[in-house]
Amino acid sequence: MIFSVTILGSPYSSQSVHTALHFTTAALSAGHTIYRIFFYHDGVYAGTSLSTPPQEEPNLPDQWSKLAVDYDLDIVVCIASALKRGILDEREAKRHDKSAFNLAESMELSGLGQLVDAGIQSDRLVTFGP
Amino acid sequence: MPEACNKKRFLFVMRTAPYGSSIAREGIDALLTCAAYDQSLSVLFMNDGVTLLLGKQNPQHIAQKNLQKMISALELYDVNELYVSQQCLSKRGISSDNLSVPTKLLHNADINTLFDNQDFILHF
């Protein structure tokens, strides 16, 4: 089965980011295909490369990045939601004359059309959060 | 406009009141984007989301975008399948006569049927 996953909760403030990670990992282990992961609303905070939790707690953004690399996942962070919340890639930081950028390398900023496309191309679109 | 390779049935369930959280606004943005993809699109207003349908909203006083105006624009995007939960309106003392856009009233059993007839259900 082809799944896409959309996550609306923010890491640490909401359990949804962790649950979605478990779901996605389980789906991949069971041999299903993940077409796209789409972070929207406060979920865009999972796109930061600067998350620094205490050592005994999981680094959720980094765990998503590792999953993306290990399984060659297409992880999209909604650009409009991200920019408002201060999650930028290098291109957007330059465009808006910001001093820094922080989007995880394994993720890309793109529009809501990617969410709709994920629905069109998948058998199931599963939402977690907020 | 992108060409749909297979038409899917999307239901957007708007459950959150406007302005206190951005999620209602982001739900409407997502549904407007979906409207551009020529899919089968329905919207159900329930729980506190029924308050999105109230008229005379003046969010400019709190520097927010007017979500009622965005909802009124849905028909321009050919989004005409708008449903509202009768029970959720009654619980909040809102008459269906006071809604700012035409909607079809649904009882709970009808909502179950609506859910059963979708390919994707997105909650905001």
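See the structure above.
Since this is a predicted model, take the numbers as computed values, not measurements.

Quick notes on the rules
- Residues numbered from 1 in each chain as written.
- Chains lettered and ligands numbered in written order.
- Predicted model: local features only at pLDDT ≥ 70, side-chain atom pairs only at ≥ 80, totals over all residues.
- Heavy atoms only, no water.
- Helix = DSSP H or I, 4+ residues; strand = E, 2+ residues; numbered from the N terminus.
- Rg over C-alpha atoms; globule rule 2.2 N^0.38 Å.
- Buried < 20%, exposed > 50% of the residue type's maximum accessible area, 1.4 Å probe, protein only.
- Contact = heavy atoms within 4.5 Å.
- Areas by Shrake-Rupley, 256 points an atom, 1.4 Å probe, with all protein chains shown as cover.
- Lys, Arg positive; Asp, Glu negative; His and termini not counted.
- Charge placed at Lys NZ, Arg CZ, Asp CG, Glu CD.
- Pairing = 2+ DSSP bridges.
- Right-handed = clockwise from strand over helix to strand, strands pointing away.
- Buried area = accessible area lost by both parts, 1.4 Å probe.
- Salt bridge = Lys/Arg side-chain N within 4 Å of Asp/Glu carboxyl O.
- Core = buried A, V, L, I, M, F, W, Y, C linked by side-chain atoms within 4.5 Å.
- Axes fitted to C-alpha atoms, helices over the stretch in contact; angles between N-to-C directions.

1. A few points about the overall build of chain B
Logical step 1: When its secondary structure is counted, chain B shows 4 helices and 5 strands.
Logical step 2: Taken from the N to the C terminus, the helices and strands of chain B come in the order β-α-β-α-β-α-β-α-β.
Logical step 3: Over its C-alpha trace chain B gives a radius of gyration of 14 Å, about what one expects of a compact globule, namely 14 Å for 124 residues.
Logical step 4: Along the longest, intermediate and shortest principal axes, the C-alpha atoms of chain B span 45 × 35 × 20 Å.
Logical step 5: Relative to its 124 residues, chain B shows a buried fraction of 44%.
Logical step 6: Counting only contacts in chain B whose residues sit at least 6 apart along the sequence, the fraction spanning at least 24 positions is 73%.
Logical step 7: Approximately 6400 Å² of chain B is accessible, and the part contributed by carbon and sulfur atoms is 47%.
Logical step 8: Separation of charge centres in chain B, based on 11 positive and 12 negative side chains, amounts to 6 Å.

2. Describing the pairing of strand 1 (residues 2-7) of chain A
Residue and element names in this part refer to chain A.
Logical step 1: Along strand 1, 5 of the 6 residues are buried, which leaves the element largely enclosed by surrounding structure.
Logical step 2: Sheet topology places strand 1 next to strand 2 (residues 33-39); 6 bridges connect them, and they run parallel. Bridging across to strand 2, Thr6 finds its partner in Phe38.
Logical step 3: Between strand 1 and its parallel partner strand 2, the chain crosses via helix 1 (residues 16-29), and the hand of that crossover is right-handed.
Logical step 4: Relative to strand 5 (residues 124-128), strand 1 is paired through 5 bridges, and the arrangement is parallel. Paired with Ser4 across the bridge in strand 5 is Leu125.

3. Focus: the interface of chain A and chain B
Logical step 1: Listed as interface residues are 20 residues of chain A and, on the opposing side, 21 residues of chain B.
Logical step 2: Overall, the association of chain A and chain B removes approximately 1500 Å² of surface from exposure, summing both partners, and the carbon and sulfur fraction of that is 65%.
Logical step 3: Taken together, the links from chain A to chain B amount to 1 salt bridge.
Logical step 4: For A:Arg85, the salt bridge goes to B:Glu26, with nearest N and O atoms at 3.1 Å.

4. Regarding the nonpolar core
Logical step 1: By size, the foremost hydrophobic cluster in this structure holds 78 residues, and its most contacted members are A:Trp64, B:Phe12 and B:Phe45.
Logical step 2: In this structure A:Trp64 touches A:Ile7, A:Val17, A:Ala20, A:Leu21, A:Thr24, A:Ile37, A:Phe39, A:Ile75 and A:Met107, once residues within four positions along its chain are discounted.

5. Structural notes on the sheet that holds strand 2 of chain A
Residue and element names in this part refer to chain A.
Logical step 1: Taken in spatial order, the 5 strands of this open sheet run 4-3-2-1-5, and their pairing is parallel. Each end of this open sheet is capped by a strand with a single partner; those strands are strand 4 (107-110) and strand 5. In this sheet, adjacent strand axes meet at a mean angle of 25° when their direction is disregarded.
Logical step 2: The strands that helix 5 (residues 113-121) touches are strand 1, strand 2, strand 3 (75-78), strand 4 and strand 5; relative to strand 2, the one it contacts most, it runs at about 155°.

6. Remarks on the side chain of A:Arg36
Residue and element names in this part refer to chain A.
Logical step 1: Relative to the assigned elements, Arg36 resides in strand 2.
Logical step 2: A residue is classified by how much of its surface remains accessible, and Arg36, at 6% relative accessible area, is buried.
Logical step 3: Filtering out sequence-adjacent residues up to four positions away, Arg36 remains in contact with Phe3, Ser4, Val5, Asp74, Val76, Gln114, Asp117 and Ala118.

7. Quick look at the pairing of strand 1 (residues 9-14) of chain B
Residue and element names in this part refer to chain B.
Logical step 1: When you tally the buried positions in strand 1, you get 5 out of 6 residues, the bulk of the element.
Logical step 2: Here strand 1 runs beside strand 2 (residues 40-45); their pairing, made up of 6 bridges, is parallel. Paired with Phe12 across the bridge in strand 2 is Val43.
Logical step 3: Handedness of the strand 1-helix 1 (residues 23-35)-strand 2 crossover: right-handed.
Logical step 4: Two strands pair when backbone bridges link them, and strand 1 and strand 5 (residues 120-123) are joined in this way by 4 bridges, in the parallel orientation. Across the sheet, the residue bridging to Val13 is His123, located in strand 5.

8. Here we look at the environment of A:Ile7
Residue and element names in this part refer to chain A.
Logical step 1: Within the element layout of this structure, Ile7 appears in strand 1.
Logical step 2: Since its relative accessible area comes to 0%, Ile7 is described here as buried.
Logical step 3: Once the C-alpha coordinates of Ile7 and Tyr40 are considered, the two residues, 33 residues apart in sequence, prove to be 6.1 Å apart.
Logical step 4: Beyond its immediate chain neighbours, meaning those up to four positions away, Ile7 contacts Ser16, Val17, Ala20, Ile37, Phe38, Phe39, Tyr40, Gly43, Trp64 and Phe128.

Coordinates in, geometry out; function isn't part of it.
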